[in-house]
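These are the residues of each chain, in order.
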Amino acid sequence: MMDYHVLKLIHVSCVAASVSLFLLRGAGMWCGAAWTAQRWTRTVPPLIDTLLLASAVTLAWTSGQSPLVQPWLSAKLGAVALYIVLGAFALKRARTRTGRRAALLAATATLAYIIAVAVTKQAWPL
Ligand code: HEM
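What you see is a predicted model, and the numbers here were worked out from it, not measured in a lab.

K.L.:
What is the right way to read the packing of helix H1 (residues 4-31) against helix H3 (residues 71-93) from this model?
P.N.:
How two helices sit against one another is set out by the angle between their axes and by the gap between those axes. Viewed as axis vectors pointing N to C, H1 and H3 meet at an angle of 40°, and their least axial separation amounts to 10 Å. Classed by the angle they form, the pair H1 and H3 counts as oblique. Between H1 and H3 lies a crossing of left-handed hand. Counting all contacts with H1, which are made through Phe22, Arg25, Gly26 and Met29, the residues of H3 involved are Gly87, Ala90 and Leu91. Among the residues forming the contact of H1 with H3, the class breakdown is four nonpolar, two polar and one charged.

As structure tokens, this is what we get:
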């Protein structure tokens, strides 16, 4: 079984890579940059996000933490689901640029909430 600290390091590294790519693509979308249509933007982020979710599930499993028991983990999971939907609207699904920008701002606020919940282990970290 992999060491908990190594798993957590993998999880946090995936978080850093995933958040950086999301913000970079969001900034590209905001400015209407042509590179946002390049092929790598559809292949690299899903790979990192899959690793991020796999590390999250393994981390929760090995440490015996469950969203059914820990309110902070259920809040985090719900917020991750919301972030995925908002992120899809921000980078692809919204039809207008205003819609994409609004979704990007909402997704970024949700991301800040997820990180605050992860660090404080409180469903309401403020
Ligand atoms: C966008 C998605 C996610 C982000 C940004 C994120 C962020 C983080 C961060 C920053 C930490 C380190 C907190 C610390 O300072 O100790 C962490 C830890 C953790 N995350 Fe995530 N996470 C995400 C998804 C998930 C999901 C989906 C789960 C559960 C299924 C999860 C479960 C955990 C667990 C169990 C820990 C370790 C808590 C501990 O210290 O015991 N994460 N996460």
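K.L.:
Just to check I follow, could you spell out the site of the ligand for this structure?
P.N.:
Around the ligand sit 20 residues, and of these Val15, Ala56, Leu59, Ala60 and Ala118 come closest. Only H1, helix H2 (40-62), H3 and helix H4 (97-120) provide two or more residues apiece to the shell around the ligand. Its residues assigned to classes, the shell around the ligand comprises 15 nonpolar, three polar and two charged.

K.L.:
Got a minute to help me understand the nonpolar core in this structure?
P.N.:
Generally speaking, nonpolar side chains in soluble globular proteins are found buried as a group. Met29, Ala79, Tyr83, Leu86, Ala90, Leu91, Ala103, Leu104, Ala107, Leu111, Ile114 and Val117 together form the largest nonpolar core, which totals twelve residues. Mapped onto this core, the elements with two or more residues apiece are H3 and H4. Every residue in contact with Leu111, bar those within four places of it in the chain, is listed here: Val19 and Tyr83.

K.L.:
I tried to follow the packing of H1 against H4 on my own but got confused; where do I start?
P.N.:
Between H1 and H4, whose axes approach to 10 Å, the crossing angle comes to 160°. Accordingly, the angle class assigned to the pair H1 and H4 is roughly antiparallel. As for how H1 packs across H4, the hand of that crossing is left-handed. Residues Val19, Gly26, Met29 and Trp30 of H1 touch H4, and the partners they reach there are Arg100, Arg101, Leu104 and Leu111. Grouping the constituent residues of the contact of H1 with H4 by class yields five nonpolar, one polar and two charged.

Parameters and conventions
Here the residue index of a chain counts from 1 through its sequence in written order. Totals for whole chains, interfaces and linings use all residues, but because this is a predicted model, local features are given only for residues with pLDDT of at least 70 and pairs of side-chain atoms are given and counted only at 80 or more. To get an axis, fit a line to the C-alpha atoms, keeping to the stretch in contact for a helix; angles then go from 0 to 180 degrees between the N-to-C directions. Strands here are runs of E lasting at least two residues and helices are runs of H or I lasting at least four, both read from the DSSP assignment and numbered beginning at the N terminus. If an angle is under 35 degrees, it is roughly parallel; if it is over 145, roughly antiparallel; if it lies from 65 to 115, roughly perpendicular; otherwise it is oblique. Note on convention: near helix rotated counterclockwise from far helix by under a right angle means a left-handed crossing. Clockwise means right-handed. We call two residues in contact if the C-beta atoms placed from their backbones are at most 7 Å apart. Under the scheme applied here, ten amino acids are nonpolar (Ala, Val, Leu, Ile, Met, Phe, Trp, Tyr, Cys and Pro), four are charged (Asp, Glu, Lys and Arg), and all others, including Gly, are polar. We call a residue near a molecule or strand when its C-beta atom, built from the backbone, sits within 6 Å of it. Linking buried Ala, Val, Leu, Ile, Met, Phe, Trp, Tyr and Cys residues through C-beta atoms within 7 Å yields a set, and such a set is a nonpolar core. In this scheme the burial state of a residue depends on its C-beta neighbours within 10 Å: 20 or more other such atoms mean buried, 12 or fewer mean exposed, and anything in between means partly exposed; the C-beta positions come from the backbone.

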